Amino acid sequence: MAARQALEARYGTLHNAGMAIVSLLMIGTAIAHFASGNSANAPTLSLNDPRFVLFSVLALAMAYYVYAGISRYLDRTPQIVIDHDGITLGFGRNARLAWNDIQWVRLRRLALRPQLQIGVDPQAFLAADLRLSLLNLDDSLRPIRGMPTAILVRDNGLDTKAVAMLDAVKAFRPNLVQS
């Protein structure tokens, strides 16, 4: 029998570099458009002008995506590791879920993309302290509504698809996989 290979999912370089470049281009394009003086809708440089405030907030949001894209592009540490010991979740949490603490694993579609869902034993879930939030739109680990001890792992921005992660779980613990 062949040895099972651990799966390591890292941030995808193309996705995150592209996100940073596109965000930077959007900021530059908006600045160039309004600095040219040809636009009748250009905001005045005053906090009293709601258009200036709106564009400033949007520029800050795009600057966040420049920062996130660059930092994720440079971060080559594995964010998901599935091996003979269990599943390690990165994304700033660095939590290890042993196979004995995992109750089930499955794929569910969120919009068009399949996402990996992991059901965790309540005690292990509390001990992991994953700090999940429904409000953080840019987080790859999310809670699942109606399932207080389950985690949704989004593969957006990773170099490995959720289907490959499920296949890795099947290789190590096929009894945990639900359809």
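Look up a bit, the structure's there.
What counts and how
- Residues numbered from 1 in each chain as written.
- Predicted model: local features only at pLDDT ≥ 70, side-chain atom pairs only at ≥ 80, totals over all residues.
- Heavy atoms only, no water.
- Core = buried A, V, L, I, M, F, W, Y, C linked by side-chain atoms within 4.5 Å.
- Buried < 20%, exposed > 50% of the residue type's maximum accessible area, 1.4 Å probe, protein only.
- Helix = DSSP H or I, 4+ residues; strand = E, 2+ residues; numbered from the N terminus.
- Contact = heavy atoms within 4.5 Å.
- Pairing = 2+ DSSP bridges.
- Axes fitted to C-alpha atoms, helices over the stretch in contact; angles between N-to-C directions.
- Phe/Tyr/Trp six-rings, centres within 6.5 Å; stacked < 30°, edge-to-face > 60°.

**Student:** Summarise the nonpolar core; cite the residues concerned and give the values.
**Tutor:** Among the nonpolar cores identified, the biggest contains 31 residues, and Ile80, Ile82, Leu89, Ile151, Val153 and Met165 are the most heavily contacted of them. For this core, the element with the most residues is helix α4 (residues 162–172), which contributes six residues. Setting aside residues no more than four positions away along its own chain, Ile151 makes contact with Leu89, Leu97, Leu116, Gln117, Ile118, Val120, Phe125, Leu130, Leu132, Leu141, Arg142 and Ile144.

**Student:** Got a sec to walk through the sheet that holds strand β1 (residues 7–9)? Specific residues and values, please.
**Tutor:** Spatial strand order, β1-β2-β3-β4: four strands in an open sheet with antiparallel pairing. The open sheet has two edge strands with one neighbour each: β1 and β4 (95–98). Geometrically, the sheet is characterised by an average inter-axis angle of 10° between neighbouring strands, direction not taken into account. Relative to β4, strand β3 (residues 86–89) runs antiparallel, the two sharing four bridges. Residue pairing for β4: Ile87 is matched across the bridge by Leu97. Across the sheet, α4 lies against β1, β2 (80–83) and β3, angled at about 25° from β2, the strand it touches most.

**Student:** Lay out the sheet that holds strand β8 (residues 147–153) with the relevant residues and their values.
**Tutor:** Read across the sheet, four strands follow the order β5-β6-β8-β7 without closing on themselves; strand pairing throughout is antiparallel. Edge strands, defined here as strands with exactly one partner in the open sheet, are β5 (102–110) and β7 (141–144). With strand direction ignored, the average angle separating the axes of adjacent strands in the sheet is 30°. Inspection of the sheet shows β7 paired to β8 by four bridges, in the antiparallel sense. The partner of Arg142 across the bridge, within β8, is Leu152.

**Student:** Requested: an account of the side chain of Asp139, with residues and values cited.
**Tutor:** Positionally, Asp139 belongs in the loop between α3 (122–128) and β7. When its relative accessible area of 9% is taken as the criterion, Asp139 is described as buried.

**Student:** Please set out the packing of aromatic side chains residue by residue, giving values where relevant.
**Tutor:** Applying the stated criterion to the full structure yields three aromatic pairs. Relative to Phe91, the ring of Tyr11 has its centre 6.1 Å away and its plane inclined at 75°; by these criteria the two rings are edge-to-face. Taken together, the residues Tyr11 in the loop between β1 and α1 (13–35) and Phe91 in the loop between β3 and β4 connect sequence positions 80 residues apart. Of the two residues examined, Tyr11 and Phe91, each falls in the buried class.

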